[in-house]
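# A structural walkthrough
Chain by chain, the residues:
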Amino acid sequence: MDIRNFFADLPDARAAERIEALPVSSDTVRIERIVSRGQATPEGQWYDQREHEWVLLLRGSAGLRFDGDSRVHILNPGDFLDIPARCRHRVEWTHPHEETIWLAVFYRD
C-alpha cells in the first residue's frame, strides 16, 4: 500500500492546464487531478459531458458559468459542487498567479 501526497510533484500549468487521471478509476468512476494557472475554457465553448462531475477546489480560485445563467460562480479552497451530466458549463477564469488545484470525480448512474 503506497501513500502518496495529492500536492506532490505538481505539473507546471503555466503554459497549459494539466489533467492527470489518478490510478483509482473504474468503468463507472474516473478521478482526476487538474492543475490550472490562468486558463479558461475557450470563448464560445462549453463542457457537455455524458458523466456527472463532482469537483472540489483545493487550492487557488476559479469562476464557473453554467449555460442559461449569466452569473459567474466563484470557487475558493474547500468549495465543491456536483455538476449533473449534460449540464453545459465552462471555466471563465482560474487564478493567474498561483496554481488552482482541482479534484474531479466523474461518475455514471
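Our structure is the block above this text.
Below is a summary of the structure that appears in this document. (Residues numbered from 1 in each chain as written. Predicted model: local features only at pLDDT ≥ 70, side-chain atom pairs only at ≥ 80, totals over all residues. Heavy atoms only, no water.)

### Quick word on the sheet that holds strand β1 (residues 18–21)
The cut-off we apply is this: DSSP calls a pair of strands paired once it identifies at least 2 bridges connecting them. The helix count covers DSSP runs of H or I at least four residues long, the strand count covers runs of E at least two residues long, and both are numbered beginning at the N terminus. Throughout, an axis means a line fitted to C-alpha atoms (over the contacting stretch in the case of helices), and angles, computed between N-to-C directions, take values from 0 to 180 degrees.
What the five strands build is an open sheet, ordered β1-β2-β8-β3-β6; its pairing is antiparallel. Sheet topology places β1 and β6 (80–83) at the edges, where each strand pairs with a single neighbour. Along the sheet, successive strands turn relative to each other by an average axial angle of 20°, direction set aside. By the bridge criterion, eight bridges tie strand β2 (residues 29–36) to strand β8 (residues 100–107) in an arrangement that is antiparallel. Pairing of S36 across the sheet is with T100, part of β8.

### Some words on the packing of aromatic side chains
The condition that has to hold: Here the aromatic set is Phe, Tyr and Trp, taking the six-membered ring for Trp, and pairing holds for ring centres within 6.5 Å; pairs whose planes are under 30 degrees apart are stacked, those over 60 apart are edge-to-face, and all others are tilted. Under the scheme applied here, a residue whose accessible area is under 20% of the maximum for its type counts as buried, over 50% as exposed, and between as partly exposed, the area being computed with a 1.4 Å probe on protein chains only.
For the structure on display, the rule yields two aromatic pairs. Where F6 meets F7, the ring centres are 6.0 Å apart and the plane angle is 90°; that geometry is what we call edge-to-face. When the centroid spacing of 5.4 Å and the interplanar angle of 40° are considered together, the rings of W54 and F80 count as tilted. Of this pair, W54 sits in strand β3 (residues 52–59) while F80 is found in strand β6, placing the two residues 26 residues apart along the sequence. A relative accessible area of 27% means that W54 is categorised as partly exposed.

### Structural notes on the environment of P11
This is how it is decided: Residues count as neighbours in contact if any of their non-hydrogen atoms are within 4.5 Å of one another.
With respect to the helices and strands, the residue P11 is situated in the segment before β1. According to the relative accessible area criterion, P11 is buried, its value standing at 10%. The sequence separation of P11 and V35 amounts to 24 residues, and the corresponding C-alpha distance is 7.2 Å. Excluding residues that lie within four positions of it along the chain, P11 makes contacts with R18, E20, R33 and V35.

### Here we look at the nonpolar core
So the rule is basically this: Nonpolar core, defined: a set of buried Ala, Val, Leu, Ile, Met, Phe, Trp, Tyr and Cys residues in which side-chain atoms within 4.5 Å join the residues together.
Counting 12 residues, the largest nonpolar core consists of I34, V55, L57, A62, L64, F66, L75, I83, V91, W102, A104 and F106. Within the residue set of this core, elements represented by two or more residues are β3, β4 (62–66) and β8. With sequence-adjacent residues up to four places away left out, V55 is seen in contact with D79, F80, L81, I83, W102, L103 and A104.

### Observations regarding a nonpolar patch on the surface
What counts, and what does not: Residues enter a patch when their relative accessible area is above 30% and they make no salt bridge; the linking distance is 9 Å between like charges and 5 Å between nonpolar side chains (Val, Leu, Ile, Met, Phe, Trp, Tyr). Here, Shrake-Rupley sampling with a 1.4 Å probe gives the accessible areas, and only protein chains in the shown set may cover a residue. Take a side-chain nitrogen of Lys or Arg and a carboxyl oxygen of Asp or Glu: if they are within 4 Å of each other, that pair is a salt bridge.
The grouping of V72, I74 and W93 at the surface amounts to a nonpolar patch, some 240 Å² of accessible area in total. Inspection of the secondary structure puts V72 in the loop between β4 and β5 (73–75). Its relative accessible area of 31% is what places V72 among the partly exposed residues.

### Some thoughts on the sheet that holds β4
The antiparallel open sheet is built from three strands, whose spatial order is β5-β4-β7. Lying at the two open borders of the sheet, with one neighbouring strand each, are β5 and β7 (89–94). Across the sheet, the mean angle separating the axes of adjacent strands is 30° when strand polarity is ignored.

### Considerations on the pattern of salt bridges
Pairs may arise between side chains of opposite charge once their charged atoms sit close together. Here the structure, examined in full by the defined rule, presents 11 salt bridges. One salt bridge in this structure joins E99 and R37, with 3.3 Å as the shortest N-O distance. Residue E99 is found in the loop between β7 and β8, and its partner R37 is found in the loop between β2 and β3; the two are separated by 62 residues along the sequence. A relative accessible area of 24% means that E99 is categorised as partly exposed. Given a relative accessible area of 23%, R37 falls into the partly exposed group. The salt bridge involving R86 is made with D48; its shortest N-O contact spans 3.5 Å. Taken together, the residues span a long stretch of sequence, with R86 in the loop between β6 and β7 and D48 in the loop between β2 and β3 at a distance of 38 residues. Through salt bridges with shared partners, a single network forms among E43, R65, R90 and E92.

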